[in-house]
Amino acid sequence: MITILSIPNRLSSAYNPILVKASVESIHNPELHIPPVVWCDIYFNGVYYKSLAERNYVDVDNSGDERKAIVEFNLSNAAQEFLKTKLCDFGISEVTEDKTAITECFCKIRSSGLEDGIIDVEGPEPIQATKNTPAVEGGGTQTNSFFIINAALQLEDNPNLANHLSYFKPNENWGENTFPLTHRREDRIIGTNDTYTYPILTDSELTCLKLNYKDRNGIWHQANWCKPCQGLEIIGITEPLENAYIDVEYTKEFTLIGNKPFVIENVDIPEWLELELIGNKLNLKGTPTEESEDETISITISNCDGQNEETINTTLSVLNLIPPEIEGTLIMQVLTDDGSEISGFTPLRIFEPSLPAIYGQDCVSDHNGISGDVTIGYINGTSGNKLRVYKNDSVYQSYTMLGTGSGSKVFNMNSWDINDIIHIKIEAE
Amino acid sequence: MKVYNIPAGSANLSAMFPNLDFSNIKEYNLEGYGESQCGFIVNDECFNANGEPLIINDESEGGSEQIFHTPTFFVKHCSDGVRVHFINFLGKFDVMQFETINRDIATESDSYIKYQSPGDYDKRSGGAGRLNVIATTVYEVSEPVDEKDGNWLTEILSSPLAYIEWKGVQGQPSSYLPIIINDASYRNRKSSERFNYEFVLKFTIGKSKNTLR
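Residues numbered from 1 in each chain as written. Chains lettered and ligands numbered in written order. Predicted model: local features only at pLDDT ≥ 70, side-chain atom pairs only at ≥ 80, totals over all residues. Heavy atoms only, no water.

A. Geometry of the overall build of chain B. Each helix and strand counted, chain B has two helices and 14 strands in total. Radius of gyration (C-alpha) of chain B: 27 Å, far over the 17 Å computed for a compact globule of 213 residues. Seen through its C-alpha atoms, chain B measures out along the principal axes to roughly 110 × 50 × 35 Å. In chain B, which comprises 213 residues, the proportion classed as buried is 42%. In chain B, the share of contacts with a sequence separation of at least 24, taken over all contacts with a separation of at least 6, comes to 61%. Working note: accessible area of chain B is about 12,200 Å², and carbon and sulfur atoms make up 46% of it. Across chain B, the centroid of the 20 positively charged side chains sits 16 Å from that of the 29 negatively charged ones. (Helix = DSSP H or I, 4+ residues; strand = E, 2+ residues; numbered from the N terminus. Rg over C-alpha atoms; globule rule 2.2 N^0.38 Å. Buried < 20%, exposed > 50% of the residue type's maximum accessible area, 1.4 Å probe, protein only. Contact = heavy atoms within 4.5 Å. Areas by Shrake-Rupley, 256 points an atom, 1.4 Å probe, with all protein chains shown as cover. Lys, Arg positive; Asp, Glu negative; His and termini not counted. Charge placed at Lys NZ, Arg CZ, Asp CG, Glu CD.)

Written out as structure tokens, the structure reads:
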């Protein structure tokens, strides 16, 4: 069991401490031992970068049934390695995004335990990228994301970087989450052929610039520049749409990609459906009351003053069937790709299918039966292959099969709930 | 969050707005706008990202939110100053313009004594020779500043990486030249004449002259 105790501010500077603190139990006999090692796997922009290992803990919590190591990691050095300062080309004439000066960061904390005197590592372990291969994500408990910029705050500065930068906005016409990356608020002198780029940090998508200039006669003029308009793409269209059921609330979500605003026209949908527009999502919502077949769904969407136009053109049927009842049960899908089969989930009571379960089968179990450890068995396994439990598409725990044939592994299932989607997989890598 | 470099120099904006003649401009500033607050338009009615109706007035740039407004840039015509670009404490390049400039060529070298055989009376040979000649360009530039500038002037003095602008010659495009800022101290508060501060920066061009052996 790993609990994230604290993470850095949403915006941090690379040359000041960036601390992640967690409470970590051993993966074996936590009532007796604290973990011999705890890892913090650092991910920059969603890609694994490097791991920090810690054996010296800031504290040990012996107050509960399980002993917990309180561990703290400083990500500052890794951020300094990763972030770069880049000089813009002389006279550059377009707005450029500097992806080397900022990174989005999160950590995954992994524990360990002693098994027969040997350190057993919580897996799977992440793998660094090489020149020829991409990085491979590992397991562990993930922190929330935060941003790091290539900056150094001084002793006198407000340690909250966002608050610090707010004091250097040169005037009041700045967005709440837009900041200058310079400490000079003052006006500047510039020659007629000089180069300069003004650096800003923002959570907005910059789309247009307005140049206000005064000529030698003292008259002000304006000139505008806007980013070229992006195309339009609609994600989520299927033909037909997933069926609706009588008296059951129906929701279908479409994601729109491209420049806002999106103009919605020629809407042809059943009366029981309503359009919901949130962010860049167009949702169809409603509760049908009568059966129907292949009802027309047609919506025309355009952006960039009509430059791009796409149409959702599909059908939807309403069935008089009761959808599968999943409330109160946990569904675990078995995905084994080496011919092996899952033989048991002790102490879970499996309703269906009768075990062993094979590739692609859903095992439906009483959700309330989950508490503590669950032993997952397998048969026809291959030595070296991995038995893995995925929670919501992320590896939750992994185990390397030590022998060919049948075996089992204890997985901790304390932190699963009814909304989690659990996959049991046996994989070669 | 994102970091943007906004073209703000006259050379940058001349290329971005080709119809502008900077020789006729006295001052300018830049405003930046984010994405339209209007996420959807249905039946000519605008809705924001939360699906709530949005009223757009004439000053809101079609629903776009103003996200920044730079300080004013005053155009100095006929300037032959030196512009130093340096990494600031926020990891980006800042620039300072100096109008008072002293430039020296400095050389360093070693010497050796040539062997001359007894009885050799060639007047051209013999005596001391010079080798390992290193010739560098050294600048001492200065600019009047205010006492309140003292804090950020620390950033230029302690910057590990800096360049000066170099106007292209012999048909080459303009570029930057790397410089090494000399260690120095700057008194940013005086006990008298606190209205009058002069910031002096000494630096050497990072690449020495190519000399012959």
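Having seen the structure, we can now continue with the description.
B. Structural context of a negative patch on the surface. The grouping of E233(A), E265(A), E309(A), E310(A) and D44(B) at the surface amounts to a negative patch. Take E233(A): it is sitting in strand β19 (residues 233-235). (Patch = residues over 30% accessible without salt bridge, like charges linked within 9 Å, V, L, I, M, F, W, Y side chains within 5 Å. Salt bridge = Lys/Arg side-chain N within 4 Å of Asp/Glu carboxyl O.)

C. Here's a closer look at the pairing of strand β32 (residues 386-391) of chain A. All names here are of chain A. In this sheet, strand β33 (residues 394-400) lies alongside β32 in antiparallel orientation, the contact comprising six bridges. Residue pairing across strands places L387 opposite Y399, the latter belonging to β33. Where β32 folds back onto β33 in an antiparallel hairpin, the turn is made up of two residues, including N392, whose phi is positive at roughly 50 degrees. Pairing geometry for β32 and strand β35 (residues 422-427), over six bridges, is antiparallel. Following the sheet pairing, R388 is matched in β35 by K425. (Pairing = 2+ DSSP bridges.)

D. Main features of empty space enclosed by the protein. Enumeration over the complete set of coordinates arrives at two cavities of 30 Å³ or more. Computed from the structure, the largest cavity encloses a volume of approximately 60 Å³. Surrounding the largest cavity, L87(A), C88(A), D89(A), T195(A), Y196(A), T197(A), H85(B), F93(B) and Y176(B) form its lining. Across the lining of the largest cavity, the residue classes tally to five nonpolar, three polar and one charged. Its volume calculated, the second largest cavity comes out at about 50 Å³. Around the second largest cavity sit K86(A), L87(A), C88(A), T197(A), P199(A), N5(B), K92(B) and F93(B), which together line it. Residue composition of the lining of the second largest cavity, grouped by class: four nonpolar, two polar and two charged. (1 Å grid on protein atoms, 1.4 Å probe; cavity = no way out; pocket = protein on both sides within 12 Å on 5 of 7 lines; lining within 4 Å. Points joined across faces, edges and corners; volume = space filled by probe spheres on them. Nonpolar A, V, L, I, M, F, W, Y, C, P; charged D, E, K, R; others polar.)

E. Summary view of the sheet that holds strand β1 (residues 2-7) of chain B. Sheet architecture is open: four strands sit in the order β8(A)-β1(B)-β16(A)-β14(A), paired in antiparallel fashion. The outermost strands of the open sheet, each flanked by one partner alone, are β8 (96-97) and β14 (178-180) of chain A.

F. Looking closely at the interface of chain A and chain B. Counting residues at the interface gives 84 residues for chain A, matched by 79 residues for chain B. Here chain A packs against chain B, burying approximately 8,400 Å² in sum over the two surfaces, 60% of which is carbon and sulfur. Linking chain A with chain B are eight salt bridges, by the criterion used here. For the salt bridge of K167(B) with D194(A), the shortest nitrogen-to-oxygen distance reads 2.9 Å. Seen at the junction of chain A and chain B, the total is 54 residue pairs in polar contact (both at pLDDT 80 or more). Of all the secondary-structure elements, those providing two or more residues to the side of chain A that touches chain B are β8, β14, β15 (188-191), β16 (197-202), β17 (208-215), β18 (220-226), β22 (262-268) and β23 (274-278) of chain A. Looking at the side of chain A that touches chain B, the element that brings in the most residues is β17(A), giving eight residues. Among the residues forming the side of chain A that touches chain B, the class breakdown is 39 nonpolar, 25 polar and 20 charged. For β15(A) and strand β7 (residues 73-76) of chain B, the ladder comprises four bridges, and the chain directions are parallel. (Buried area = accessible area lost by both parts, 1.4 Å probe. Polar contact = N/O pair within 3.5 Å; in protein donor to acceptor, adjacent residues only side chain to side chain.)

G. Layout of the state of the cysteines. Residues and elements named next belong to chain A. Following the criterion strictly, the structure yields three disulfides over all chains and no others. The partner cysteine of C208 in its disulfide is C226, sulfur to sulfur 1.9 Å. Here the S-S torsion is close to 110 degrees, and the disulfide linking C208 with C226 is therefore right-handed. Note that C208 is positioned in strand β17 and C226 in strand β18, a separation of 18 residues in sequence. By relative accessible area, C208 is classed as buried at 18%. (Disulfide = S-S within 2.5 Å.)

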